[in-house]
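Listed below are the residues making up each chain.
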Amino acid sequence: MNESMFETFAQEGRLYDIEPAISQDQYKLDGFMPGLIDRLRAKGNGKLYGLTPSFETNVIYYNRNLFKKYQIEPPNGKMTWKELLDLAERFASVESGKKQVFGLYQTKGPASLMYDIAAASGLKLVDEKSSKLLIDSDGWKEAMKMTADAVRNHAAYAPPPMKEGEQLDGYDDSDFEKHRDYLKQYSRSNELFYIGQAAMTIQAPWFASFLRDIPYYSKTPEIDWGIAAAPVNPAKPDESAYVKLSEIYAISADSPNKRAAWEFVKFVNGPEMAQVAGKAMNDTLPTRSDYFKDFRGRETDAFYLLKPMQASGVSDKKSIPAGFHSEFDVLLSDVLKSLIDQEKTLDEAVAELQLKGQEMLDRSREKAKQDQ
């Protein structure tokens, strides 16, 4: 199960508590990455109802050559978002025009950058009890200001959406057709990074495989890259807001085959499977950190440096009705653009988001009730 389903099933009493089986079999949990078991227990109100063999987490990928060329210190683990954006801004003046180098390449636009900054601080977009939008708060104001300043000052670049039918520069037609599904998903959104015009980008584990494979499919040579842990909340510098668990194995509370099911859960989450997963290195990483120490000569500590944050993310599905984000994010993008272009002040931008966003939230909630 994914985390949302796992939490719902656990709190509804639909899952089997595996703690007694763990104790009986003396099954060791200390091989899992720090904080993982605590995160799973938090989803079950203190009880452990499942285990997961894999996870995703965002890290900072950086171009070593650009940092060397411009004599700038590369990113280190446990940087705050302010520190990261200050570092990114140092690249804003090193080149200009078509050779402009951006410190941070944000692949999905300013709104996505703002959400990432907010997530690190543990901000909630909607209050679950009052159903009120929380955008008019100091935390969200800071996230909006940091986003707008970074984009306006060329510290960060957020690309426009790719137009339908647009083709990537530097690709042979035959190669592009052959690997279209693979390349279309990843290439355009990260082009500036791998051609050497962006010093950093924040991505999930798949990006390491992408950087490994891209020279085989394009005319772009392989770059010398490194990784550092994702930005953190200064109040909780040991936690990451970007850990995702998508394959949690659990046992139904009414299963007639609990023992057999537990043997399977043990196997899937065991060291043998972790060893195989560590060699594959695709979209996810093994939660047993001893089995993924190296990737093409690069240390992988950055993936495991931070513990998963126990709190839910910015967009908690329990408090945000379906359909709200598709409408709200259009408004958010427009408002952020006006803030970046200095057509609105921060207070004006926040006030517009709070008023119109709350109206959207109320409509979405009412529609969700009618659809039930």
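Remember, predicted model here, so these are calculated numbers, not experimental data.

**Student:** So what exactly am I meant to see when it comes to the overall build of the protein chain here?
**Tutor:** A tally of helices and strands in the protein chain yields 16 helices and 13 strands. Split into buried and exposed, the 372 residues of the protein chain put 49% on the buried side. In the protein chain, the proportion of contacts linking residues at least 24 apart, taken out of those at least 6 apart, comes to 75%. For the protein chain, the exposed surface amounts to about 18600 Å²; the carbon and sulfur share of it is 48%.

**Student:** Explanation requested: the nonpolar core in the structure shown.
**Tutor:** Note that soluble globular proteins tend to have their nonpolar side chains buried in a common cluster. Trp-81, Leu-104, Leu-125, Trp-140, Met-144, Met-200 and Phe-328 are the most contacted members of the largest nonpolar core, which totals 58 residues. Among the secondary structure elements, those contributing two or more residues to this core are strand S3 (59-63), helix H4 (64-69), helix H5 (81-89), helix H6 (110-120), helix H7 (138-152), strand S6 (198-203), helix H15 (324-340) and helix H16 (346-371). Every residue in contact with Met-144, bar those within four places of it in the chain, is listed here: Met-114, Val-335, Leu-336, Leu-339, Leu-346, Ala-349, Val-350 and Leu-353. Core analysis: the second largest hydrophobic core is formed by 47 residues, Tyr-27, Trp-225, Phe-292 and Ala-302 among them.

**Student:** What is the right way to look at the side chain of Gln-354 in this model?
**Tutor:** Its place among the elements puts Gln-354 in helix H16. Overall, the relative accessible area of 18% leaves Gln-354 in the buried class. Of note is the side chain of Gln-354, whose polar atom sits 3.3 Å from the backbone nitrogen of Ile-135. For Gln-354, the contacting residues outside a window of four places in its chain are Leu-133, Leu-134, Ile-135 and Asp-136.

**Student:** Please clarify how the side chain of Ser-54 should be interpreted in this entry.
**Tutor:** With respect to the helices and strands, the residue Ser-54 is situated in strand S2 (residues 54-55). Looking at Ser-54, its side chain comes within polar contact range of the side chain of Glu-247, at 3.1 Å.

**Student:** Quick question: what am I supposed to make of the pairing of strand S4 (residues 102-105) here?
**Tutor:** Regular strands place their side chains on alternate faces of the sheet. Where S4 lies against S6, three bridges are found, and the strand directions are parallel. Within S6, the residue paired with Leu-104 across the bridge is Met-200. Looking at chain direction, S4 and strand S5 (residues 156-157) are connected through two bridges and run parallel. For Tyr-105, the partnering residue across the bridge sits in S5 and is Tyr-157.

**Student:** Is there a simple way to explain the packing of H15 against H16 in this structure?
**Tutor:** The packing of two helices is summarised by the inter-axis angle and the distance between the axes. Viewed as axis vectors pointing N to C, H15 and H16 meet at an angle of 170°, and their least axial separation amounts to 10 Å. If you check the angle between H15 and H16, you find them roughly antiparallel. Residue-level inspection shows Phe-324, Glu-327, Phe-328, Leu-331, Leu-332, Val-335 and Leu-339 of H15 in contact with H16, the latter providing Leu-346, Ala-349, Glu-352, Leu-353, Lys-356, Gly-357, Met-360, Leu-361, Arg-363 and Ser-364.

**Student:** Would you mind showing me how to read the sheet that holds S3 here?
**Tutor:** Pairing within the open sheet is mixed, and its five strands lie in the order S5-S4-S6-S3-S7. The sheet terminates laterally at S5 and strand S7 (225-229), the two strands that pair on one side only. Alignment of S3 against S6, held across four bridges, turns out to be antiparallel. If you follow Val-59 over to S6, its bridge partner there is Gln-203.

**Student:** Quick question: what am I supposed to make of H6 here?
**Tutor:** Residues spaced three or four apart along an α-helix point in a common direction, a consequence of the helix completing one turn every 3.6 residues. Burial within H6 is extensive, with 10 of its 11 residues counted as buried. Within the sequence span of H6, burial applies to Ala-111, Ser-112, Leu-113, Met-114, Tyr-115, Asp-116, Ile-117, Ala-118, Ala-119 and Ala-120. Those residues of H6 that are buried lie in contact with H5, S4, H7, S5 and H15. Of the residues trailing H6, Gly-122 is marked for its positive phi of about 70°.

Parameters at a glance
Residues numbered from 1 in each chain as written. Predicted model: local features only at pLDDT ≥ 70, side-chain atom pairs only at ≥ 80, totals over all residues. Heavy atoms only, no water. Helix = DSSP H or I, 4+ residues; strand = E, 2+ residues; numbered from the N terminus. Buried < 20%, exposed > 50% of the residue type's maximum accessible area, 1.4 Å probe, protein only. Contact = heavy atoms within 4.5 Å. Areas by Shrake-Rupley, 256 points an atom, 1.4 Å probe, with all protein chains shown as cover. Core = buried A, V, L, I, M, F, W, Y, C linked by side-chain atoms within 4.5 Å. Polar contact = N/O pair within 3.5 Å; in protein donor to acceptor, adjacent residues only side chain to side chain. Pairing = 2+ DSSP bridges. Axes fitted to C-alpha atoms, helices over the stretch in contact; angles between N-to-C directions. Parallel < 35°, antiparallel > 145°, perpendicular 65-115°, else oblique.

Function-wise, these values are silent; they only describe arrangement.
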